[in-house]
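Now for the letters of each chain:
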Amino acid sequence: MSAARKNKSNREDYLRMYRQMVRIRAFEDNANQLYLSAKMPGLTHMYSGQEAVAVGICEALTPDDKITSTHRGHGHCVAKGAEFKEMFCELLGKEEGYCRGKGGSMHIADQANGNLGANAIVGGSMGIATGAALSAKRLGKNDVTVCFFGDGATAQGLLYEVMNMAALWNLPVIYACENNGYSEYTRTDEIAAGSITARAEAFGIESHQVDGQDVLAVNKLATDLVARARKGEGPFFVELMTYRYHGHHVGDINRDYYRPKDEEAEWKKNRDPITNFGKWLETQKIATADELVGINNEIKAEAEAAVAYAEKAPYPSVKEVDMHVFASNAA
């Protein structure tokens, strides 16, 4: 590949990563407003602040590669290729949603893009991800699976059962722990003794820690580990140091009792993954400030249009109440 073509490819890759992070932020901003205006049923958990993790990792994957998500899963869904209209329809319970409006925020899935689904159970998708990796290996496929989970989920026994299996069978799975500093309303260092990466190392799993606010650092590591997993060198474990801007869920507004406001302000001002990557794109002369503003405005308009579409979209027919529900033929 010529240097000129490589640079062009890099530019396109960089701008796509920037756009994807902006798309996640725009989706979350609109989802939050839908909740505050009482248009969206149930709770949702914002991913704002953690965009570099989902984008950095998913940009290293193909559509055939699989991911499993969490209760804070919108970012993973967008990063893996989901569209705004179908996502907002799902959040509003409309039939055009990815799960025909039956999954909502915490159970959204997009199988066409390899997203096996969000999971409201903490750590609940760890077995699904490991099973997907086992399936790929047994069937001779080239797929890699990434299992996203939070720091609080490292207290779940399932993680240790599946890491043991994955290590024994050299499965093509990457366990991606998004350490945003808090397990619901408690600081991570108050609930997790010792090193998080050491938990995987105990099973002989190669482990890494990376700045989850640096999309290039995340993508570089993910690209390397995904390639190695395809060669049969997995599994791997990654701890991504990041931060959530909102509370545990959209109703968690008054957070002073467990998290200081100046801490939140510091992360937003100096560690924002989108702002900092945008500055880097400018310094590298990959994009101008005006071009980045144009991208932001374009995506903001796209998200708002998708919300308007979803609000007018029809609900599922009552005839669908038993669709996709397992029923036994036994008497």
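Residues numbered from 1 in each chain as written. Predicted model: local features only at pLDDT ≥ 70, side-chain atom pairs only at ≥ 80, totals over all residues. Heavy atoms only, no water.

A word on the overall build of the protein chain
Helices and strands together make up the secondary structure of the protein chain, namely eleven helices and seven strands. The C-alpha atoms of the protein chain give a radius of gyration of 20 Å, which matches the 20 Å a tight globule of 331 residues would have. Projected onto the principal axes, the alpha-carbon positions of the protein chain cover approximately 70 × 50 × 50 Å. Buried positions account for 50% of the 331 residues belonging to the protein chain. Contacts spanning at least 24 positions in sequence make up 74% of the contacts within the protein chain whose residues lie at least 6 apart. If you sum the accessible surface of the protein chain, you get close to 15,400 Å²; carbon and sulfur atoms cover 52% of it. (Helix = DSSP H or I, 4+ residues; strand = E, 2+ residues; numbered from the N terminus. Rg over C-alpha atoms; globule rule 2.2 N^0.38 Å. Buried < 20%, exposed > 50% of the residue type's maximum accessible area, 1.4 Å probe, protein only. Contact = heavy atoms within 4.5 Å. Areas by Shrake-Rupley, 256 points an atom, 1.4 Å probe, with all protein chains shown as cover.)

Considerations on the nonpolar core
With 65 residues, the main nonpolar core has Ile57 and Leu281 as its most contacted residues. Sort the elements by how many residues they give to this core and helix H1 (residues 3-36) lands first, with eleven residues. Discounting residues that sit within four places of it in the chain, Leu281 has contacts with Tyr14, Leu15, Tyr18, Ile286, Ala287 and Leu292. Formed by 18 residues, the second largest nonpolar core is a distinct cluster that contains Met126, Ala133, Val162 and Ile205. (Core = buried A, V, L, I, M, F, W, Y, C linked by side-chain atoms within 4.5 Å.)

Some words on empty space enclosed by the protein
Empty space among the atoms becomes apparent when a probe as large as a water molecule is rolled across them. One pass over the full model with this rule turns up one cavity of 30 Å³ or more. Of the volumes computed, that of the largest cavity is approximately 70 Å³. Lining the largest cavity, in full, are Ile57, Val146, Ile174, Val218, Leu221, Ala222, Leu225, Val226 and Val238. Looking at the lining of the largest cavity element by element, the count peaks at five residues for helix H8 (residues 215-230). Residue composition of the lining of the largest cavity, by class: nine nonpolar, no polar and no charged. (1 Å grid on protein atoms, 1.4 Å probe; cavity = no way out; pocket = protein on both sides within 12 Å on 5 of 7 lines; lining within 4 Å. Points joined across faces, edges and corners; volume = space filled by probe spheres on them. Nonpolar A, V, L, I, M, F, W, Y, C, P; charged D, E, K, R; others polar.)

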